[in-house]
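Each chain is listed here by its residues.
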Amino acid sequence: MKMYIGGEWVDRETKIEVLNPFDQSVVDTIPSATASDVEAAITSAERGAVVMANMPAYERYKILHRAAELMTDRIDDLGRTITLEEGKVLAEGLGEAARAQETIELAAEEAKRLTGETLDLSGASNGAGKFGFTLRVPCGVVAAITPFNFPLNLVCHKVGPALAAGNSIVIKPATDTPLSSLKLVEILLEAGVPPEAIQCVTGSGGVIGDAISSDSRVRKISFTGSRDIGEHICQKAGLKKVTMELGSNAPLIVMADADLEKVAAATATTGFANAGQVCISAQRIMVNDAIYNDFLEVLKPTVEAITTGNPLDSETKMGPMIRDSDAERVNAWITDAVSGGANLITGGTREGTLHAPTIVADVDPAMRISCDEIFGPAVAVSRFDDIDSAIAQANDTNYGLSAAIFTENINWAVQYAQQVKSGNIHINWGTQWRADLMPYGGLKDSGMGKEGPKYAVEEMTETKMVVIH
Ligand code: NAP
C-alpha cells in the first residue's frame, strides 16, 4: 500500500516489507518515509487543522458516523488484515475490528458533546459584576504514534477523538503492522474527512520519530507503546501536550476463597490472548499459600488446552509472536527464571515465532519474568500469605496499568481497589479487560492521560477562559 501525505497516496522507492508473523510471507509493502515526508505531512496537517476547526461539530459527527458504517461493511477485510499483519487468531482480529468500529462510533457521538462551564466571577474578591465561561477548542495538529499489537483499534482511539474534537491528525503506525491504519485512512477519506485533515506516514520510528515528536507545529502527541520509547518521545516533545499509554506487568491476586476454575479460565484468557502481547496481559499471578498447589493443578490443563498454530485456522487458539527476536527474548527470560530456581509447569519451548503457552511457578519477584514487562505468552506464579502482602507484592513494580483480584470478600476487594496503584482494577476477572468507552490509562511508569473517546477528546482539546467585564 502507499502512504497518505498532503492529500495524496504517495510511494517511495525504498520499501519496507510487511510480513505475516506466522510464516514470514510478504503480506504487502509500504514506503519507507523520511524526515522530509514528515515535514510535508505536518505542513499539510496545519492546513487540515484550520479546515477541521471551522467544520461544524455536527458535520464531524456525520463523517465519523459514516466511517463507522463503512467499517461495518468491511469488517471481514479489516479483521483478516489485522490477523495477517499482526498474527492474532482470526476471532481476535475480527473482535478487534468490531471494537474499532465501536470506538469510531463513540468518537462520533463525542463530537456533539463538547461543552464548557459558566463561572459566576462575582465569587472572587475582585469579580463583582463579572461573568465568565470556558470554551473548549481543538489543539490543532495531533500526532498519533501507535504500537503493533492492536493495529486498528488503538489507532481509532486516537484518530476518532482527534477528528471529533476538530483537530487534524498525523498517524505514524507501527512498522510491523501499518496496513490496518492505511485501510482506516481509506475509509475515513471515503466518509468525508477533508484530505489534509489526515496524514499517515509509514516508516521506522527510529528514523522519522524525532521529526514528528520535536516539531513545534504538533501541539499534541498521543503515544501508545513501550515505556522507553514513550520517555524518549517526552524528552523530544518539549512544550506539547502528551498522552502516554505505556506498558505493564499486570498482577492478578488469587485469595483463598476464590473460585479456582474461574481464575484458571481468566488467567488463560487474560494472560495468553494475542500470545500475551497485550499491555494489560495478566503476567504476575500471585496465589495465597493455602490454595497454591490446588490452583496450579487447575491452571496447568487449562493453559495446555491453548492450541497454537496458523492464526487463520479456526482450530488455533493462539498465534505467533510478532517477531522471532521477541519469541527468543521471552524464551530466554523463562530459561533464566528456571535456572534461578523457578519451576517450569508447562510450555517453555518455541518454534520460530510460535512460543508455547508457559507457566513458571515459584518465581522470585526479582526475576525478569516478573519485574519486567514480558509481553509474551508466559505467566509467572508466586505465593503470598495475606491481603496486605498481596497488595505489597502487586505494588512492587514501576508499572501501574491494570491489576486484578479474585475474592468473595468485599473488604479485601475494596482494600485492593483503594491501595493498589493502578489505572484499572478488576474484581473477579483477569487484568485484560476493557470497554472502549471507559477511561483507560496507566499510573506510574505505565503513562499519563486517559483514552476512551470521551476522555481522549478532553485531552485533545484546550480550554479558553472568557471573561465578560
Ligand atoms: P514500541 O516499540 O514502543 O513502538 C511503538 C511505536 O513507537 C511504533 O510506531 C514505533 O515505530 C514508534 N517508535 C519507535 N521509536 C520511536 C522514536 N524514536 N520516536 C517516535 N516513535 C518511535 O512498542 P511496540 O513494540 O509497538 O508495542 C508494545 C508496547 O506497547 C508494550 O510495551 C505495550 O505494553 C505497549 N502498549 C501499551 C498500551 C496501553 O494502552 N497502555 C497498549 C498497547 C501496547 P516502529 O514500529 O517503526 O519502530
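Just so you know, the residues in each chain are numbered from 1, in the order the chain's sequence is written. Since the coordinates come from a predicted model, pLDDT governs what is reported: local features require at least 70, and pairs of side-chain atoms require 80 or more to be given and counted, while whole-chain, interface and lining totals use all residues. The side-chain numbers reported here are obtained from all heavy atoms of the structure, hydrogens and water having been left aside.

Here's the deal with the overall build of the chain
Per the convention used, a helix needs a DSSP run of H or I reaching at least four residues, while a strand needs a run of E reaching at least two, with both numbered from the N terminus. A tally of helices and strands in the chain yields 15 helices and 22 strands. Computation of the radius of gyration draws on C-alpha atoms, with the globule rule given as 2.2 Å multiplied by the number of residues to the power 0.38. On C-alpha atoms alone, the chain measures out to a radius of gyration of 23 Å, which is about the 23 Å that the 2.2 N^0.38 rule sets for 469 residues. For the chain, the spread of C-alpha atoms along the three principal axes comes to 70 × 65 × 40 Å. In this scheme, a residue with accessible area under 20% of its type's maximum is buried, one over 50% is exposed, and one in between is partly exposed, where area comes from a 1.4 Å probe on protein chains only. Residues counted as buried form 55% of the 469 residues belonging to the chain. Partitioning the contacts of the chain with sequence separation of at least 6, the portion at a separation of at least 24 is 71%. Under the counting rule used here, the positive set is Lys and Arg, the negative set is Asp and Glu, and His together with the chain ends is not counted. Taken as the charge centre is NZ of Lys, CZ of Arg, CG of Asp or CD of Glu, depending on the residue. Side-chain charges of the chain comprise 40 positive and 62 negative groups, with the mean position of each set lying 7 Å from the other. For this analysis, residues touch if any pair of their heavy atoms sits within 4.5 Å.

Concerning empty space enclosed by the protein
Detection works on a 1 Å grid of protein atoms alone, calling trapped sets that fit a 1.4 Å probe cavities and calling open sets with protein on both sides within 12 Å along at least five of seven lines pockets, with lining residues defined by an atom within 4 Å of a point. Grid points are joined across faces, edges and corners, and a volume is the space filled by probe spheres set on the points. What the rule picks out here adds up to 3 cavities of 30 Å³ or more. By volume, the largest cavity is sized at about 60 Å³. Lining the largest cavity we find 16 residues, and of these Pro251, Ala394, Thr397, Tyr399 and Gly400 sit closest to its centre. Of the residues that constitute the lining of the largest cavity, the class distribution is 7 nonpolar, 7 polar and 2 charged. Side-chain classes follow a simple rule in which Ala, Val, Leu, Ile, Met, Phe, Trp, Tyr, Cys and Pro form the nonpolar group, Asp, Glu, Lys and Arg form the charged group, and the remainder, Gly included, forms the polar group.

Here we look at the pattern of salt bridges
Note that side chains of opposite charge can pair when their charged atoms are close. Salt bridge criterion: a side-chain nitrogen from Lys or Arg within 4 Å of a carboxyl oxygen from Asp or Glu. Scanning the entire structure with this criterion turns up 27 salt bridges. Salt bridges here are not isolated pairs; linked through shared partners, they connect Glu109, Glu110, Lys112 and Arg113.

Thoughts on the sheet that holds strand β19 (residues 402-406)
DSSP calls a pair of strands paired once it identifies at least 2 bridges connecting them. Pairing in this open sheet of 7 strands is mixed, and the strands run β14-β17-β18-β13-β12-β19-β20 from one edge to the other. The open sheet has two edge strands, β14 (343-346) and β20 (424-427), and neither has a second partner. Here the strands of the sheet are splayed against their neighbours by 20° on average, with no regard to which way each runs. In terms of strand pairing, strand β12 (residues 251-254) meets strand β13 (residues 284-288) through 4 bridges, oriented parallel. Considered in β13, the bridge of Leu252 is made with Ile285. Every axis corresponds to a line fitted to the C-alpha atoms, with the helix fit spanning only the stretch in contact, and the corresponding angles, defined between N-to-C directions, vary from 0 to 180 degrees.

Quick notes on the domain arrangement of the chain
Boundary definitions for the domains trace back to an automatic or database domain assignment. Considered domain by domain, the chain is made up of domain 1 (3-246 + 443-468) and domain 2 (251-427). One C-alpha centre belongs to domain 1, the other to domain 2, and the line joining them spans 31 Å. Opposite the 25 residues of domain 1 that make contact, domain 2 presents 29 residues. In this description, buried area is defined as the sum, over both parts, of the accessible area (probe of 1.4 Å) that is lost when the two are combined. Between domain 1 and domain 2 lies a buried interface of about 2,200 Å² when both sides are counted; carbon and sulfur atoms form 59% of it. The interface formed by domain 1 and domain 2 contains 1 salt bridge. Polar contact is the term for a pair of N or O atoms within 3.5 Å; when the atoms are in protein, one must be able to donate a hydrogen and the other to accept it, and sequence-neighboring residues count only if both atoms are side-chain atoms. Seen at the junction of domain 1 and domain 2, the total is 14 residue pairs in polar contact (both at pLDDT 80 or more). Residue assignment for the side of domain 1 that touches domain 2 shows that the elements contributing at least two residues are α3 (75-86) and α4 (90-111). Each residue belonging to the side of domain 1 that touches domain 2 can be placed in one class, and the counts come to 9 nonpolar, 6 polar and 10 charged.

Points about the sheet that holds strand β6 (residues 131-138)
The antiparallel open sheet is built from 3 strands, whose spatial order is β5-β6-β22. Every other strand in the sheet has two partners, leaving β5 (118-119) and β22 (461-468) as the edge strands with one partner each. Where β5 lies against β6, 2 bridges are found, and the strand directions are antiparallel. Its bridge partner lying in β6, Thr118 is registered against Phe133.

Side note on helix α14 (residues 410-419)
Restricting attention to buried positions, one finds in α14 the residues Ala413, Gln415 and Tyr416. Taken around the axis of α14, the buried residues stretch over an arc of 165°, which confines them to a single face. In α14, the exposed positions angled more than 90 degrees off the buried face are occupied by Ile410, Asn411 and Gln418. Packed against the buried residues of α14 are β12, α13 (387-395), β19 and β20. Sitting at the head of α14, Asn409 places a side-chain oxygen 2.8 Å from the backbone nitrogen of Asn411. Note: the arc covers the axis-to-C-beta directions of the helix.

Here's the deal with the layout of surface pockets
Using a probe with the size of a water molecule, rolled over the atoms, empty space left in the structure can be pinpointed. Of the pockets and cavities examined, the largest pocket occupies roughly 960 Å³. Broken down by secondary-structure element, the contributors of at least two residues to the lining of the largest pocket are α7 (205-213), β10 (218-224), α8 (227-237) and α11 (324-339). Within the lining of the largest pocket, the residues separate by chemical class into 14 nonpolar, 13 polar and 12 charged. Residue-level mapping places the lining of the largest pocket at the junction of two domains, with at least three residues from each of domain 1 (3-246 + 443-468) and domain 2 (251-427).

Some words on the packing of helix α2 (residues 57-73) against helix α6 (residues 179-191)
Contact pair α2 / α6: the axes reach a minimum separation of 8 Å and the direction vectors enclose 130°. Taken together, the axis directions place α2 and α6 in an arrangement best described as oblique. Two packed elements cross with a definite hand, and for α2 against α6 that hand is right-handed. In this structure, α2 contributes Ile63, Leu64, Arg66, Ala67, Leu70 and Met71 to the contact, and α6 contributes Leu184, Ile187, Leu188, Glu190 and Ala191. Its residues placed into classes, the contact of α2 with α6 shows 9 nonpolar, no polar and 2 charged. Angle categories: roughly parallel below 35 degrees, roughly antiparallel above 145, roughly perpendicular from 65 to 115, and oblique for all the rest. Helix crossings are classified by the rotation of the near helix relative to the far one: an anticlockwise turn of less than a right angle makes the crossing left-handed, while a clockwise turn makes it right-handed.

Considerations on α8
Every buried residue of α8 is listed here: Gly230, Ile233 and Ala237. Each buried residue of α8 lies within a common arc of 60° when the element is viewed along its axis, so the set occupies one face. Turned more than 90 degrees from where α8 packs its buried face, Asp228 and Gln235 sit exposed. Immediately beyond the C-terminal end of α8, within one or two residues, lies Gly238, with a positive phi of roughly 65°.

Considerations on the nonpolar core
Counting 46 residues, the largest nonpolar core has Met71, Leu152, Val159, Ile169, Leu188 and Ile198 as its most contacted members. Contacts of Ile169, omitting those with residues within four sequence positions, involve Val142, Ala144, Lys158, Val159, Ala162, Leu163, Ala197, Ile198 and Gln199. Here, the term nonpolar core denotes a set of buried Ala, Val, Leu, Ile, Met, Phe, Trp, Tyr and Cys residues that are joined through side-chain atoms within 4.5 Å. Membership of the second largest hydrophobic core comes to 42 residues, among which are Val254, Ala268, Val287 and Phe295.

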